[in-house]
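Residue-level listing of the chains:
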Amino acid sequence: MLAYRHLFHAGNFADVFKHALLTRLLIALGKKDKPFFYLDTHAGIGRYDLNHEWAQKLAEHRDGIARLWERTDIPGPLEPYMACVRAENAGGRLRWYPGSPRIARAFLRPGDRAELTELNRDDANALGKLFDGDRQVHVHLMDGYQALKAFLPPKERRGLVLIDSSFDRAREFARLTDALATAHRRWASGVYALWYPLMDGTAMHAFERGVVATGIRRILKLELSVLPEGWNESLRGCGLLLVNPPYGLEDEARKMLPWLWRTLSEERTGGTEVRWVVPE
Ligand SMILES: C[S@@+](CC[C@H](N)C(=O)[O-])C[C@H]1O[C@@H](n2cnc3c(N)ncnc32)[C@H](O)[C@@H]1O
């Protein structure tokens, strides 16, 4: 049994950052007629009850989605994300938070397909129930890193892979880099989104060096931190590494992230970064 349960963190600032960008990636994929494929290697349970005692324990959503919920000045690029959250809360009160599988489902068109893998048996069961009978979405109790070998390359030849590790094991940055290299060898034209937590400078530099050493081109780094550098009592920030980001995504991120930072940061500490780690 894995120790990490996302319900303790659902709807926190890192989820807002990741899911808002996820909607932009899915919208971009839906612009072409041809079907796309979506793989979520670390899928979680798909929908989170913020009233559950686990979610209430740290109540991280209060400094996350709750800060956006009542806002009437949501910037345009963030609207589709907010629409996904509103769709879970028909009564108008924030209680349910959609995970990445549920958000992705909202953007699948009739010919598109999603494969979701989750290694925690209970979570995989909950996810399976959520998508029971859905012919476009398939749930697997499977190691997400194995899933990259099992499902890539997809027959659709276009699509997105989200690798959203819980980072609860040592050497996860190295594992993530190796997994990206393996996946990219199998399917070089796919869009990849890798979530990671911001740690100390040494760890982050090593991660970036490792990613550059894979030889993969077109890697865009997006980061948001809401607490000062050196803060280590809780997650201070996170990033999304994008390989082959769709056209326009960089500009959207440059508009969205400063607004998210102003809305989510504690006393205006931290910041945002949008940078090509490896260009074309
Ligand atoms: C950060 S949560 C996922 C959240 C989800 N992607 C979302 O955005 O709603 C990470 C999940 O990965 C699962 N997990 C941990 N190690 C895994 C592995 N090797 N393969 C697949 N799932 C794993 C955990 O049980 C947890 O549910």
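A brief structural summary. (Residues numbered from 1 in each chain as written. Predicted model: local features only at pLDDT ≥ 70, side-chain atom pairs only at ≥ 80, totals over all residues. Heavy atoms only, no water.)

## Concerning the site of the ligand
Inclusion rule: Near is defined per residue: the residue qualifies when any heavy atom it owns lies within 4 Å of the molecule or strand. We define a polar contact as two N or O atoms separated by no more than 3.5 Å, with the added condition that, inside protein, one atom must be a possible hydrogen donor and the other a possible acceptor, whereas residues neighbouring each other in sequence contribute only through side-chain atom pairs. Here the accessible surface of atoms and residues is derived via Shrake-Rupley with a 1.4 Å probe, and residues count as covered only by protein chains that are part of the display. For each structure, a 1 Å grid was placed over the protein atoms alone; sets of points admitting a 1.4 Å probe that cannot get out are labelled cavities, open sets with protein on both sides within 12 Å along at least five of seven lines are labelled pockets, and lining residues have an atom within 4 Å of a point. A molecule is said to be in a cavity or pocket once over half of its atoms fall within 2 Å of that pocket's grid points.
With respect to spatial proximity, 22 residues lie near the ligand, and among them His 19, Ser 100, Glu 118, Gly 144 and Asp 164 are the closest. Contacts to the ligand include His 19, whose side-chain N or O atom sits 2.7 Å from an oxygen atom. Take Asp 164: an N or O atom from its side chain is 2.7 Å from a nitrogen atom of the ligand. In isolation the ligand exposes 600 Å². Once the protein is present, 98% of that is buried. If you map the ligand onto the pockets, it falls in the largest pocket.

## Section: the pairing of strand β1 (residues 37-40)
Our working definition: Only protein chains enter the area calculation, which uses a 1.4 Å probe; residues under 20% of their type maximum are buried, those over 50% are exposed, and those in between are partly exposed. Only DSSP runs of H or I with at least four residues qualify as helices, and only runs of E with at least two residues qualify as strands; both kinds are numbered from the N terminus onward. The criterion for strand pairing is that DSSP finds at least two bridges linking the strands in question.
Burial along β1 is two-sided: the residues Phe 37 and Leu 39 and Tyr 38 and Asp 40 are all buried. Where β1 meets strand β4 (residues 113-118), four bridges bridge the pair, whose relative direction is parallel. Note on β4: the bridge partner recorded for Tyr 38 is Ala 114. In this sheet, strand β6 (residues 159-163) lies alongside β1 in parallel orientation, the contact comprising four bridges.

## Some details on the packing of helix α1 (residues 13-29) against helix α5 (residues 100-107)
Basically, it comes down to this: All axes here are fitted lines through C-alpha atoms, helices being fitted over the stretch that makes contact, and every angle between N-to-C directions spans 0 to 180 degrees. By the definition adopted for this analysis, an angle is roughly parallel if under 35 degrees, roughly antiparallel if over 145, roughly perpendicular if from 65 to 115, and oblique otherwise. Working rule for handedness: look at the near helix, and if it is turned counterclockwise from the far one by less than a right angle, call the crossing left-handed; if clockwise, right-handed. By the convention used here, residues are in contact when the closest approach between their heavy atoms is within 4.5 Å. In this classification, Asp, Glu, Lys and Arg are treated as charged, Ala, Val, Leu, Ile, Met, Phe, Trp, Tyr, Cys and Pro as nonpolar, and every other residue, Gly included, as polar.
Interaxial distance between α1 and α5 falls to 10 Å at its minimum, and their mutual angle equals 30°. Considered as vectors, α1 and α5 are oriented roughly parallel to each other. Regarding α1 and α5, the two cross each other, and that crossing is right-handed. Of the residues in α5, those in contact with His 19, Leu 22, Thr 23, Leu 26 and Ile 27 of α1 are Ser 100, Ile 103, Ala 104 and Phe 107. For the contact of α1 with α5, the per-class residue count stands at six nonpolar, three polar and no charged.

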